[in-house]
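# Notes for the structure review
Each chain, letter by letter, is given below.
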Amino acid sequence: MVSNGTAKAKRALPLRARKDEDKEARRQLILEEALALYTTTSYTEVKMADVAERAKLAKGTVFLYFPTKEALFLAMLEELLFAWFVKLEGLLSSSEGRWTGTRVARTVAESLEGEETLTRLLALLQTVLEQNVTVEQVRGFKERLLEAMGRAGVLVEKRLVFLKPGEGGRFFIHLHALVTGLRQMADVAPVTREVLDLPHMAPLRVDFTQELTVALTTLLRGLEAR
């Protein structure tokens, strides 16, 4: 015979599950609306009040899910970054053709095409996004990052036999540094872009994918030539 307490507990489970699903749906909605704003503006221009308005939520509700703007954008970066790692792992898993340092460099650089929002956020990671968040959030992010870098690093080492154990993972540290610098150089102010459009200013223009490919190729050639 089922006790009243057990029966009540069983009835509560679906309700609790629905509440959890609703919370996750609301969290995703907030992230999506913040992403939509950031895609067309800048980090500075995005306001939590605007995110709340787009999501049709009270501003206080948004802060219940993300206590600070930095926490919101770090969560956004986390989703974009680990989705990109999954895509890259698929590309590096291809067994067609011969893998060289040049091919790996080109594959990684081209995998970031269409990922401008991700690379813009990566350029803000240490200086902005990790400055006003909890230890728990940062540790969770770093733990996932360590795992993702480990998996992708092993794939890079399999493709490039001249790499020593662990160098595949370090490759992504160098990648982050290059992405940060090149993204900042490629994202120029409108007035600067107008100047760079002058024919004789061509040497100062930065093509993100092209320059990243060259930099990664140079890095890997140096490691191969040791």
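Throughout what follows, the structure given in this document is the object of discussion. Since the structure is predicted, the reported quantities are computational estimates derived from the model, not experimental observations. (Residues numbered from 1 in each chain as written. Predicted model: local features only at pLDDT ≥ 70, side-chain atom pairs only at ≥ 80, totals over all residues. Heavy atoms only, no water.)

## Looking at helix α8 (residues 135-159)
Helix length check: α8, at 25 residues, gives a terminal C-alpha distance of 36 Å against a target of 36 Å (1.5 Å per residue), a fit within 8%. By the burial criterion, the buried members of α8 are Q137, V138, F141, L145, A148, M149, A152, G153, L155 and V156. On its buried face, α8 is in contact with α4 (69-92), α7 (125-129) and α9 (167-186). (Helix = DSSP H or I, 4+ residues; strand = E, 2+ residues; numbered from the N terminus. Expected span 1.5 Å × (residues − 1). Buried < 20%, exposed > 50% of the residue type's maximum accessible area, 1.4 Å probe, protein only. Contact = heavy atoms within 4.5 Å.)

## Focus on the packing of helix α5 (residues 101-111) against helix α11 (residues 208-224)
Contact pair α5 / α11: the axes reach a minimum separation of 8 Å and the direction vectors enclose 145°. Like other packed secondary-structure pairs, α5 and α11 cross with a definite hand, here right-handed. Contacts between α5 and α11 involve G101, T102, V104, A105, R106, V108, A109 and E110 from the first element and T209, L212, T213, L216, T217, L220 and R221 from the second. Partitioned by chemical class, the residues of the contact of α5 with α11 number seven nonpolar, five polar and three charged. (Axes fitted to C-alpha atoms, helices over the stretch in contact; angles between N-to-C directions. Left-handed = near helix turned anticlockwise from the far one by under 90°. Nonpolar A, V, L, I, M, F, W, Y, C, P; charged D, E, K, R; others polar.)

## What about the environment of V46?
Positionally, V46 belongs in the loop between α1 (4-40) and α2 (48-55). Sequence separation between V46 and G153 is 107 residues; the distance between their C-alpha atoms is 34 Å. Here V46 is in contact with L37, Y38, T41, V51, K69 and F73, once residues within four sequence places are set aside.

## Some details on the packing of aromatic side chains
This model, assessed by the stated rule, comprises seven aromatic pairs. Ring centres 6.1 Å apart and planes at 55° place the aromatic pair F82 and F141 in the tilted group. Placement of the pair is F82 in helix α4 and F141 in helix α8, with a sequence separation of 59 residues. What makes F82 buried here is its relative accessible area of 9%. Here F141 falls in the buried class, since its relative accessible area comes to 0%. (Phe/Tyr/Trp six-rings, centres within 6.5 Å; stacked < 30°, edge-to-face > 60°.)

## Details of the nonpolar core
Within the largest apolar cluster, 60 residues are counted, with the highest numbers of intra-cluster contacts made by L77, W84, F85 and F172. Top element by residues in this core is α4. It accounts for 13 residues. Not counting chain neighbours up to four residues away, the residues in contact with F172 comprise W84, F85, L88, M149, A152, G153 and V156. (Core = buried A, V, L, I, M, F, W, Y, C linked by side-chain atoms within 4.5 Å.)

## Brief notes about α9
Taking 1.5 Å as the rise per residue, α9 with 20 residues should run 28 Å; its terminal C-alpha atoms sit 28 Å apart, in good agreement. What α9 keeps buried is the set E167, G168, G169, F171, F172, L175, H176, V179, T180, L182, R183 and A186.

## A closer look at unusual backbone geometry
Phi at K56 takes a positive value of approximately 60°, unusual for a residue other than glycine. Structurally, the position occupied by K56 is in the loop between α2 and α3 (59-65). The exposure class assigned to K56 is exposed, which follows from its relative accessible area of 73%.

## Remarks on the environment of P190
Tracing the backbone through its elements, the reader meets P190 in helix α10 (residues 190-196). Taking the relative accessible area as the measure of exposure, P190 reaches 70% and is therefore exposed. A sequence separation of 13 residues divides P190 from P203, and the C-alpha atoms of the two residues are 18 Å apart.

## Concerning the pattern of salt bridges
Here the structure, examined in full by the defined rule, presents nine salt bridges. Between E115 and K87 there is a salt bridge, with its nearest N and O atoms 3.0 Å apart. Of this pair, E115 sits in the loop between α5 and α6 (116-122) while K87 sits in helix α4, and the two are 28 residues apart along the sequence. Using a relative accessible area of 18% as the deciding quantity, one classes E115 as buried. Among the salt bridges present, the one from R151 reaches E89, with a minimum N-O distance of 3.4 Å. Here R151, found in helix α8, pairs with E89, found in helix α4; they are 62 residues apart in sequence, far enough to count as distant. In this structure R151 comes out as partly exposed when scored by relative accessible area, which is 44%. Under the relative-accessibility criterion, E89 is labelled buried at 16%. (Salt bridge = Lys/Arg side-chain N within 4 Å of Asp/Glu carboxyl O.)

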